[in-house]
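Listed below, chain by chain, are the residues.
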Amino acid sequence: MRVMMIAGNWKMNTTVSEAIALVNEMRPGLDEIDNVDKVICPPFVSLAAVSELIKGSSIKLGAQNIYFEEKGAYTGEISPIMLAELCEFVIIGHSERRQYFNETGEIVNKKVRSALAVGLKPILCIGEKLAENEAGRTEEVVTEQLRSSLAGLDYQSSLIIAYEPVWAIGTGKAATGEQANETIGLIRQTISQKYGKGAAQELRILYGGSVTADNTTEFMQQPEIDGALVGGASLKAEQFLSIVRQTSAIKGRLSG
Ligand code: PGA
């Protein structure tokens, strides 16, 4: 049985003091829920403070990006070993990074490798653009993104995938539960072909793109969806808590 996961991607929001305030607001409620993995991914500059703040809590910490080299003359970059000291997860290949920072499949692949090499758990993001969706190319695009991101890699159970259709991110126009379930099913099939049935059964695949407290139930009732990567709604303590609570309630029902 896969443990559900709700991950908050704070993107380029919150100063250090704002991040501390937000964690303080969320922590008591999140700590009441124990059948969902709760991950928050604040900006790099807040990771150290937040990691101290959540010691002894069940909240887990992730970064939003990583560089693939271990160390050296790469001004401004953050390496896998630096992150491994602070957090457990790292978001890799988010569509905003692919779009604004020219991250190719090859770069994403190097980042996934470098994260796994130091024991960081990658949350690998894939998803099609609006034009690709409208042209009926969703399956082709996500399959290719999976192929390039995971090229030459053995399966590792710490891997997590987030299916995030680009047209649904930050637009308020989420996919339907059925659409997301169908594509996530295809992703699972591709994983099954590449790594076998056991891996496909074990792998957690999240949906991301305009998830809110109002549409969480629709996604979490789908059998293929193992949680959500939440952007905007993860910056509001009440919204994020509600998403986690609803996920917990639905999972309880499914497993009971
Ligand atoms: P959103 O972002 O929830 O604001 O659409 C999701 C994401 O980019 O991970």
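Further up the page is the structure itself.
Described in the following lines is the structure provided in the data block. (Residues numbered from 1 in each chain as written. Predicted model: local features only at pLDDT ≥ 70, side-chain atom pairs only at ≥ 80, totals over all residues. Heavy atoms only, no water.)

1. So, the pattern of salt bridges
Taken as a whole and judged by the stated rule, the model has 13 salt bridges. Here Glu-88 and Lys-121 are joined by a salt bridge, their closest N and O atoms 2.6 Å apart. Of the two residues, Glu-88 is situated in the loop between α3 (80–84) and β4 (89–92) and Lys-121 in strand β5 (residues 121–126); the sequence distance between them amounts to 33 residues. According to the relative accessible area criterion, Glu-88 is partly exposed, its value standing at 25%. In this structure, the salt-bridge partner of Glu-144 is Arg-147, at a minimum N-O distance of 2.9 Å. Here Arg-147 and Glu-144 lie together in helix α7 (residues 138–149), a separation of three residues that amounts to about one turn. Since its relative accessible area comes to 49%, Arg-147 is described here as partly exposed. Salt bridges sharing partners connect three or more residues here, namely Arg-2, Arg-188, Glu-224 and Asp-226. (Salt bridge = Lys/Arg side-chain N within 4 Å of Asp/Glu carboxyl O. Helix = DSSP H or I, 4+ residues; strand = E, 2+ residues; numbered from the N terminus. Buried < 20%, exposed > 50% of the residue type's maximum accessible area, 1.4 Å probe, protein only.)

2. Observations concerning the packing of α7 against helix α8 (residues 177–195)
Relative to each other, α7 and α8 sit at 40 degrees, their axes nearing to 10 Å. Here α8 runs oblique to α7, going by the angle between their axes. In the crossing of α7 with α8, the sense of the turn from one axis to the other is right-handed. Each of Thr-138, Glu-139, Val-142, Thr-143 and Leu-146 in α7 lies in contact with α8, whose residues at this interface are Thr-183, Leu-186, Ile-187, Thr-190 and Ile-191. In terms of residue class, the contact of α7 with α8 is made up of five nonpolar, four polar and one charged. (Axes fitted to C-alpha atoms, helices over the stretch in contact; angles between N-to-C directions. Parallel < 35°, antiparallel > 145°, perpendicular 65-115°, else oblique. Left-handed = near helix turned anticlockwise from the far one by under 90°. Contact = heavy atoms within 4.5 Å. Nonpolar A, V, L, I, M, F, W, Y, C, P; charged D, E, K, R; others polar.)

3. Regarding helix α1 (residues 16–31)
End to end, α1 covers 22 Å across 16 residues, agreeing with the expected 22 Å (1.5 Å per residue, within 8%). Its axis deflected by about 30 degrees at Glu-25, α1 carries its strongest bend there, up to four residues before the proline Pro-28. Taken together, the buried positions of α1 are occupied by Ala-19, Leu-22, Val-23, Met-26, Gly-29 and Leu-30. (Expected span 1.5 Å × (residues − 1). Bend = angle between axes of the 7 residues up to and from the residue.)

4. A word on the nonpolar core
Core analysis: the biggest nonpolar cluster contains 63 residues, and Ile-6, Ile-40, Ile-161, Ile-191 and Tyr-207 have the highest contact counts within it. At six residues, helix α11 (residues 237–255) tops the list of elements feeding residues into this core. Ignoring anything within four residues of it in the chain, the contact list for Ile-6 reads Val-36, Asp-37, Lys-38, Val-39, Met-220, Gly-227, Ala-228, Val-230, Phe-240, Ile-243, Val-244 and Thr-247. In this structure, Ile-123, Cys-125, Ile-160 and Leu-206 belong to the second largest nonpolar core, which totals twelve residues. (Core = buried A, V, L, I, M, F, W, Y, C linked by side-chain atoms within 4.5 Å.)

In short, the description is geometric, and any link to function would need to be established separately.
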